[in-house]
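# Report on the structure
Residue-level listing of the chains:
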Amino acid sequence: MTGQGTPFVSLDDFEQHAMRNLDRNALDYYRSGAQDMITLKENQRAFDRVFIRPRVLRDVSTVALSTSILGEQIASPICIAPTAMQRMAHPDGELATARAAKRKSTCMVLSSWSTTRIEDIGDGVKWLQLYVYKDREATRRLIERAQDSGYTAIALTVDTPYLGRRLADIRNRFRLPPHLTMANFADTGKAQVGKAEATSAADNASGLAAYVASQIDPTLNWSHVEWVKSVARIPVLVKGILTAEDAVLAVNAGVDGIIVSNHGGRQLDTVPATIDVLEEVCRAVDGRVEVFLDGGVRRGTDVFKALALGARAVFLGRPVLWALNYNGEDGVVEMLNMINEELRLAMALAGCVSVADITRNHVKVPGQPRL
Ligand SMILES: Cc1cc2nc3c(=O)[nH]c(=O)nc-3n(C[C@H](O)[C@H](O)[C@H](O)COP(=O)(O)O)c2cc1C
Ligand SMILES: O=C(O)C(=O)c1ccccc1
């Protein structure tokens, strides 16, 4: 938008810019999905199969985007998903993202694999994304550090007992550039993502897969959710639920929220698009906890559809990385402004003047007539 070039008109333009600007190691890591990337593509395509049923003649001269998540007020239901290693996209990395989130009064989820320390993120609505590490004391310390630093929820990622198979990262032998570290682990000697040795074609030569295998506890099970609940004094959400069955187990385990996510198509390939399972999850949850969605959200109409199908708010993953790469903090603000204005217009044209006005009857889903 800045400068003399053609103005950016959609979130896709930020990605196109990053494709020309980012180095291969980082670009492939950020863009990739697992295996054949069926789920990655499906996340976006599935939104196109949902149609909006607009209501007219409703005085849409003012449209309010504000809402609350887990009791905290935010300016819009468009939040920021945790993505690891943001300093590969821009030198200011997570700091820039956090400042942008604060300027827009929205929620940022910090990845526990950030290149900025938990303590160094300024104020604002912020949650910490957590993995259960083999080192249980280190995991406990992360929760405590988050609480001491003003984070208001823990999002426990449950879809990554192992890293998904991302072919480009294997080919590239992905590494975190040597000047960067997994900053939250600086005191444990586990902050470097080294080069993996590929000994056979079947080995996963991505440095990240090896790092994950060495750090994350693959015994991850429901007792760990209860353990995190017992340690944390702030709400705990599970991130990575895709079925009604697991949603019920999560509610029974006492979680405070569910993030419907397939990890941006980066874990198990050929799982469904998140928008296609959102309603199933919401029905199973039946209002007992808030349900969120991420995956493939690129336009205001996508946000509208997710809210209509039961999401309290949505989270953006890759678009934040593209915007960061484009112009740091200001780039992320610009990207958020764009999708927020798209949402405002979609709501107005569909006859909704507040987030609470968006109902199930505002969308038509293939094979699921509901009226
Ligand atoms: C580069 C990248 C890194 C990610 N890192 C994490 C992470 O550290 N923890 C996590 O729970 N999810 C991680 N995710 C998944 C996102 O939180 C989110 O589920 C996904 O990106 C949403 O899809 P979208 O990119 O299509 O918006 C990552 C995703 C990407 C693209
Ligand atoms: O890349 C990812 O999707 C992810 O969640 C991750 C983040 C840091 C290290 C390993 C995996």
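We now turn to the structure provided with this report. (Residues numbered from 1 in each chain as written. Chains lettered and ligands numbered in written order. Predicted model: local features only at pLDDT ≥ 70, side-chain atom pairs only at ≥ 80, totals over all residues. Heavy atoms only, no water.)

In this section: the packing of helix 11 (residues 300-308) against helix 12 (residues 318-349). In the contact formed by helix 11 and helix 12, the axes pass within 7 Å of each other and the chain directions differ by 60 degrees. When the axis of helix 11 is compared with that of helix 12, the two are oblique. With respect to the hand of their crossing, helix 11 and helix 12 are arranged in right-handed fashion. Here Gly300, Thr301, Val303 and Phe304 of helix 11 come into contact with helix 12, specifically with Ile339, Glu342, Leu343, Ala346 and Met347. (Axes fitted to C-alpha atoms, helices over the stretch in contact; angles between N-to-C directions. Helix = DSSP H or I, 4+ residues; strand = E, 2+ residues; numbered from the N terminus. Parallel < 35°, antiparallel > 145°, perpendicular 65-115°, else oblique. Left-handed = near helix turned anticlockwise from the far one by under 90°. Contact = heavy atoms within 4.5 Å.)

There is a patch of like positive charges on the surface, built from Arg53, Arg55, Arg58 and Lys364. Note that arginine 53 resides in the loop between strand 1 (51-52) and strand 2 (67-69). Residue arginine 53 is classed as partly exposed on the basis of its relative accessible area, which comes to 31%. (Patch = residues over 30% accessible without salt bridge, like charges linked within 9 Å, V, L, I, M, F, W, Y side chains within 5 Å. Areas by Shrake-Rupley, 256 points an atom, 1.4 Å probe, with all protein chains shown as cover. Salt bridge = Lys/Arg side-chain N within 4 Å of Asp/Glu carboxyl O. Lys, Arg positive; Asp, Glu negative; His and termini not counted. Charge placed at Lys NZ, Arg CZ, Asp CG, Glu CD. Buried < 20%, exposed > 50% of the residue type's maximum accessible area, 1.4 Å probe, protein only.)

This next bit is on the environment of tryptophan 227. Examined against the element boundaries, tryptophan 227 turns out to sit in helix 8 (residues 222-231). Judged by relative accessible area, which is 18%, tryptophan 227 ranks as buried. Through-space distance from the C-alpha of tryptophan 227 to that of alanine 101 is 30 Å; in sequence the pair is 126 residues apart. Excluding anything up to four places from it in sequence, tryptophan 227 contacts Arg136, Thr139 and Arg140.

Our next topic: the nonpolar core. In terms of nonpolar packing, the biggest core is built from 114 residues, with Trp113, Ile154, Ile258, Ile275 and Leu278 touching the most fellow members. Sort the elements by how many residues they give to this core and helix 12 lands first, with 15 residues. Excluding its chain neighbours within four sequence positions, the residues that come into contact with isoleucine 258 are Leu237, Val238, Ile241, Ala247, Ala250, Val251, Val281, Val285, Val289, Glu290, Val291 and Phe292. Among the nonpolar cores identified, the runner-up in size contains 15 residues, and Ile74, Ala155, Ile259 and Ala313 belong to it. (Core = buried A, V, L, I, M, F, W, Y, C linked by side-chain atoms within 4.5 Å.)

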